[in-house]
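# Examination of the molecular architecture
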Amino acid sequence: MDGAAQFTLDADEAGGSRLSLEGSLLVSTVGPLDHDLSQISDQLSAIDLSGVEEIDTIGAWVACRLAARHDAEIVGASDRAKRLLDAVQDAGNEAEIRPPRVPVWERVPEAMGELVFDMRAGIIGVVGFLGRVLIGFGQLIANPGRFPMKAMVRQMELVGVSALPIIGLMSFLIGIVIAQQGAVQLSQFGAETLTVNLVGRITLRELGVLMTAIMVAGRSGSAFAAQIGTMKLTEEVDAMRTIGISPIEVLVIPRILAATFMMVLLGFYASIVAIVGGAVVGQFALGIPFFTFLERIQEVVPTYDLWVGLIKAPVFGLIVGLAGCYHGMRVQGNSEQVGLRTTMAVVSAIFAVIVLDAFFAVFFTEIGWG
């Protein structure tokens, strides 16, 4: 190709090599030449640019880098080439592309310190958010006419009514699994009839409410975070503040109340459906008639088991609602934050629910409701 960059190597009087560049040293032509120049192993004493027809910044940079690597002198440059060479000769950087890796005995404590500091900031943020929610509740109590009833009813529909099919199916299958697996284990001791006790107590006390809380966290808690986070990014939340509407009162409180109230109903509903699933297994696998199974549940399950589930349900719903709304209100910067905060809302809500469930298990056992 005419004008393409090329080079020749000639021996000089000093015993070194003289490199002569010819053609066009442009960004469009210097690529193959740069690769060939990097393969030169001879020590260069001079780089001759007298045969260069055209040159740009990239060509000047290639020549300067080659001269620096071989400690060679650039000769024969035109006035334009000299100006470009003067401009780029100090542009080189010998710094490491990657910084040196800190030793593990320094890196691990530093990372732990950053986590502790971030945890401190997170605790301050949660406490501040709780304070704003309590202030919002107080303002709504003082001014009942401002209570967003329609928004809360809409959220109750989304959190509760729309979740009935999936929670019902999940609970029914859990009841089947508990009854089937429990019967297999109890049959080793000839106590298949105690499957009724197992299904009734474990669903009313633990799994009915716990699995419902996990489902609500994944379904509604994530929706709270994504909806409010998107409104933060589109500056709808700021617009509400501008026109005198409190986002806490309009966006956060209806969602928290809806999750709290509907968790009670959903938890009870899930427990009943799980018991029905266990009764189906009793009918077809254990020889226990369906209605006999249900009547037996009333005899073997103490009333306080039902109260344990009903007490835990609103607390779990409150945790899920707070986690979803808190992380939604913390979104800022870009759309990536919406996904990040949505994930954090679900994970933190499920973690808090499981921790509280363990606390409730110990607490109710200590008061004689075990």
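Predicted, not measured: the structure shown is a model, and the values here were computed from it.

## Describing the overall build of the chain
Each helix and strand counted, the chain has 12 helices and four strands in total. Computed over C-alpha atoms, the radius of gyration of the chain comes to 36 Å, more than 25% over the 21 Å expected from 2.2 N^0.38 for 370 residues, which places it beyond the range of a compact globule. Referenced to the eigenvectors of the C-alpha coordinate spread, the extents of the chain come out at roughly 110 × 65 × 45 Å. Here the chain holds 370 residues, and 39% of them are scored as buried. Looking at the chain alone, contacts between residues at least 24 apart form 78% of all its contacts between residues at least 6 apart. Summing over all exposed atoms, the chain offers an accessible surface of approximately 20500 Å²; the carbon and sulfur share of this is 63%. Charged side chains of the chain number 24 positive and 36 negative; the gap between the two group centres comes to 17 Å.

## Examining helix α6 (residues 164-186)
Compared with the 33 Å implied by 1.5 Å per residue over 23 residues, the 32 Å span of α6 between its first and last C-alpha is a close match. Taken residue by residue, α6 has I167, G168, M170, S171, I174, G175, I178, A179, G182 and A183 as its buried positions. In the core, the buried residues of α6 are packed alongside α7 (195-233) and α9 (247-286).

## Digging into the sheet that holds strand β1 (residues 6-11)
Pairing in this open sheet of four strands is mixed, and the strands run β1-β2-β3-β4 from one edge to the other. Of all the strands in the sheet, just β1 and β4 (73-75) have a single pairing partner and so form its edges. The average angle at which neighbouring strand axes cross in this sheet is 25°, direction not considered. Two strands pair when backbone bridges link them, and β1 and strand β2 (residues 17-25) are joined in this way by six bridges, in the antiparallel orientation. Counterpart to Q6 in the pairing with β2 is E22.

The rules behind the values
Sequence order sets the numbering: in each chain, residues are counted from 1 along the sequence as written. Where totals are concerned, whole chains, interfaces and linings use all residues; where local detail is concerned, this predicted model gives features only for residues with pLDDT of at least 70, and gives and counts side-chain atom pairs only at 80 or more. Where side-chain values are given, they derive from all heavy atoms of the structure, hydrogens and water being excluded. Starting at the N terminus, helices and strands are each numbered in turn, a helix being any DSSP run of H or I of at least four residues and a strand any DSSP run of E of at least two. Each radius of gyration reported is based on C-alpha atoms, and the globular scaling rule is 2.2 Å times the count of residues to the power 0.38. Using a 1.4 Å probe on the protein chains alone, a residue whose accessible area is under 20% of its type maximum counts as buried, one over 50% counts as exposed, and one in between counts as partly exposed. The contact definition used throughout considers only heavy atoms, calling two residues in contact when any of these lie within 4.5 Å. Accessible surface is estimated by sampling points in the Shrake-Rupley manner with a 1.4 Å probe; for residues, cover comes only from the protein chains shown. Asp and Glu count as negative and Lys and Arg as positive, but His and the ends of the chain are not part of the count. Each charge is placed at NZ for Lys, CZ for Arg, CG for Asp and CD for Glu. Given the number of residues in a helix, its expected span is that number minus one, multiplied by 1.5 Å. Each pair of strands is called paired provided DSSP finds at least two bridges between the two strands. To define axes, lines are fitted to C-alpha atoms, for helices over the stretch in contact only, and angles between the resulting N-to-C directions are given on a 0 to 180 degree scale.

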